[in-house]
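# Architecture and fold: a report
Now for the letters of each chain:
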Amino acid sequence: MYLGLDLGTSGVKALLIDEAQEIVASANAPLDVSRPHAGWSEQDPADWIEATEAALAALIKSHGEALAAVRGIGLSGQMHGATLLDASDKPLRPSILWNDTRSHAEAAALDADPRFRDITGNIVFPGFTAPKLVWVKRNEPEIFAATNKVLLPKDYLRLWLTGEHVSEMSDAAGTAWLDVRQRRWSPALLAATDLDESHMPGLVEGTERSGTLRAELAGRWGMGEDVTVAGGAGDNAASACGAGTVRPGTAFASLGTSGVLFAANGAYLPNPESAVHTFCHALPDTWHQMGVILSATDSLNWLAGITGSKPGELTAALGDTLRAPTGVTFLPYLSGERTPHNDAAIRGSFVGLAHQSDRPALTQAVLEGVAFAFRDNLEALRQAGTELPRVTAIGGGSRSSYWLKAIATALGLPVDLPAEGDFGAAFGAARLGLIAAEGADPRTVCTPPEVSTTIEPETGLSAAYEDAYRRYCALYPAIRGAST
């Protein structure tokens, strides 16, 4: 048996697989986010441990005998969070999360230093870890002075599991301190934030052993004495391992709260000017590029909320037959946008409203707006040297066949829908636990799921969609001038 632990923003998921990679059981425990000030987003690291204990307790209750056979544990987690520890490994303050924007000025200042883009291959975004530490130094100097280690969220969980200060390449790439090409910490970038390598965890590949489960926990959970804990991965790289997106040319489109267009690469291919993320993958000698949409299903949820409907009711009203764009355009920038604009201040809008613009027309515009945001991400990946032949759809929004048809037509690419199953971050983490424990071939383990349906672009609507996309592209600079 192999256990995947995924530390998300809203909860911890524990998922158990057997040696054939069949899912045996899973359990979840919720987490809350604290927002003490506008733009702040924090969690108490103690809550991560409590939630993990709760998820394991549920697995023990339902599948205690299976846990006795666990040989490997893999970790996945929300990226970019700054967890600051003193010399006794006690947290000095709540962890500052990925969606915390307080350090936007510090991020801009670091990004103005050309070494950051040159060494990391990325823009320094406000959500990244490095600018958070600059903010702490300026605003909480006593905490900065007492900081002995900086850990990412899942790596704090690893410290509790193993007693080791270790991270891995995919998560470390989102700190703005990693030399992403060389897969090692950059002394120059650490020095630019008044830190050095002693403040950082050691680094392993996601498929490597990072430590052994502590005897106390192994005994409490009914596991053996030599349970391997793998390096693991940041949440998107772990999802890629779960979906089999590990070979160059493979890609997935995640239609969740946020949207991600993720492409695996066999080489380091940075293009920070396009706001594409270029990170290490969880597998050795593999990288990935990623475009990020901040409000994907969140956009539909917003419309559902203000119209007093459920998201499924809105999409059901459109039927299954893809419609030509109506002339109403939606910009899905409800909380700013990352790729390709790197604009935290921009906000969303409807343009082209008329008397006949009813609720289905607004729903259609929202679905198309998110589809065009994915097209923006595809164009950004192309600028960075990546051409995609097709994408696999994952995430809750992929349950809408209309939305997938819109995305396929906007991208001009076939969209594969996996057969029923859980191919997310916890499953990918469990696969990494298997690889590390058994010394297995990562590409033999991280295979793609069977495809249940392939949705082809609606070629009869390609021209209309292209015209609508051009309107969409022209609106950003106009709206930016009016709204920021």
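Reference entry: report on the structure contained in this document. In this text the structure is predicted, and so the values were computed from the model without any measurement.

A rise of 1.5 Å per residue sets the reference length of helix α13 (residues 359–383), with its 25 residues, at 36 Å; its end C-alpha atoms lie 36 Å apart and thus fit the reference within 8%. Across the 25 residues of α13, 20 count as buried, placing the element largely inside the fold. N-cap assignment for α13: the residue whose side-chain oxygen lies 3.0 Å from the backbone N of Ala361 is Asp358. Backbone geometry just after α13 places Gly385 at a positive phi near 95°.

This brings us to the sheet that holds strand β24 (residues 451–455). An order of β18-β19-β17-β16-β22-β23-β24 is seen for the 7 strands of this open sheet, with the pairing classed as mixed. Only two strands of the sheet have a single partner each, and these edge strands are β18 (277–280) and β24. In this sheet, neighbouring strand axes are inclined to one another by 25° on average, regardless of whether the strands run parallel or antiparallel. Its contacts with the sheet put helix α14 (residues 401–411) on β16 (251–255), β22 (391–394), β23 (415–418) and β24, and the angle it makes with β24 is roughly 55°.

With that settled, the discussion passes to the pairing of strand β3 (residues 23–30). When strand β2 (residues 11–17) meets β3, the two strands line up antiparallel, connected through 7 bridges. Among the inter-strand pairings, Leu15 is bridged to a residue of β3, identified as Ser26. The antiparallel hairpin formed by β2 and β3 contains 5 residues in its connecting segment, where Gln21 sits at a positive phi of about 65°.

With their axes 8 Å apart at the nearest point, helix α2 (residues 104–111) and helix α4 (residues 129–139) run at an angle of 120° to one another. Note that α2 runs across α4; the crossing there is right-handed. Contacts between α2 and α4 involve Glu106, Ala107 and Leu110 from the former and Ala130, Pro131, Val134, Trp135, Arg138 and Asn139 from the latter. Classifying every residue of the contact of α2 with α4 by side-chain character gives 6 nonpolar, 1 polar and 2 charged.

Formed by 53 residues in total, the largest nonpolar core has its most connected members in Leu261, Phe374, Leu388 and Val391. Mapped by element, the contributors of at least two residues to this core are β16, β17 (259–265), α11 (297–307), β20 (329–331), α13, β22, α14 and α17 (462–483). Here this core gets 12 residues from one element, more than from any other, and that element is α13. Apart from the residues within four sequence positions on either side, Val391 is in contact with Ala251, Ala253, Leu261, Leu411, Leu413, Pro414, Val415 and Asp416.

On to a negative patch on the surface, then. On the surface, Asp32, Asp44, Asp47 and Glu50 cluster together to form a negatively charged patch. Examined against the element boundaries, Asp44 turns out to sit in the loop between β4 (42–43) and α1 (45–67). Given a relative accessible area of 38%, Asp44 falls into the partly exposed group.

Time to look at helix α10 (residues 235–243). Counting buried positions along α10 gives 8 out of 9 residues, so the element sits mostly inside the fold. Listed in full, the buried residues belonging to α10 are Asn236, Ala237, Ala238, Ser239, Ala240, Cys241, Gly242 and Ala243. A positive phi of about 75° marks Gly244, the residue just after α10.

Scoring rules and cut-offs
- What you see as residue numbers is a count from 1 along each chain, following the sequence as written.
- With pLDDT at 70 or above as the cut-off, local features in this predicted model cover only qualifying residues; side-chain atom pairs require 80 or more to be listed or tallied, and sums for whole chains, interfaces and linings still use all residues.
- Just so you know, side-chain values use all the structure's heavy atoms and leave hydrogens and water out.
- Secondary structure follows DSSP: runs of H or I at least 4 residues long count as helices, runs of E at least 2 residues long count as strands, and numbering of each begins at the N terminus.
- Under the convention used throughout, the expected extent of a helix is 1.5 Å for every residue step, that is, one less than its residue count.
- Buried means the residue's accessible area, taken with a 1.4 Å probe over protein chains only, is under 20% of the maximum for its type, while exposed means over 50%, and partly exposed covers the values in between.
- Side-chain atoms alone can form a polar contact between residues adjacent in sequence; in general such a contact is a pair of N or O atoms within 3.5 Å, and within protein one must be able to donate a hydrogen while the other accepts it.
- Note: two strands are recorded as paired if DSSP finds a minimum of 2 bridges between them.
- For helices, the fitted line uses only the C-alpha atoms of the stretch in contact; every axis is such a line through C-alpha atoms, and the angle between N-to-C directions lies from 0 to 180 degrees.
- Here, residues are in contact when the closest pair of their heavy atoms is within 4.5 Å.
- By the definition used in this description, the sense in which the near helix is turned from the far one sets the handedness, with an anticlockwise turn below a right angle giving left-handed and a clockwise turn giving right-handed.
- Charged means Asp, Glu, Lys or Arg here, nonpolar means Ala, Val, Leu, Ile, Met, Phe, Trp, Tyr, Cys or Pro, and polar covers whatever is left, Gly included.
- The nonpolar core is taken to be a set of buried Ala, Val, Leu, Ile, Met, Phe, Trp, Tyr and Cys residues, with the residues joined through side-chain atoms within 4.5 Å.
- Within this analysis, patches are made of residues with over 30% relative accessible area and no salt bridge. Like charges are joined at 9 Å or less; nonpolar side chains (Val, Leu, Ile, Met, Phe, Trp, Tyr) at 5 Å or less.
- Per-residue accessibility takes into account occlusion by the displayed protein chains alone, with areas from the Shrake-Rupley method and a 1.4 Å probe.
- The term salt bridge refers to a pairing of a side-chain nitrogen on Lys or Arg with a carboxyl oxygen on Asp or Glu at a separation within 4 Å.
- Positive charges come from Lys and Arg alone, negative charges from Asp and Glu alone, with His and the N- and C-terminal ends not counted.
- Think of each charge as sitting on NZ of Lys, CZ of Arg, CG of Asp or CD of Glu.

The quantities given are spatial measurements derived from coordinates; they are silent on function.
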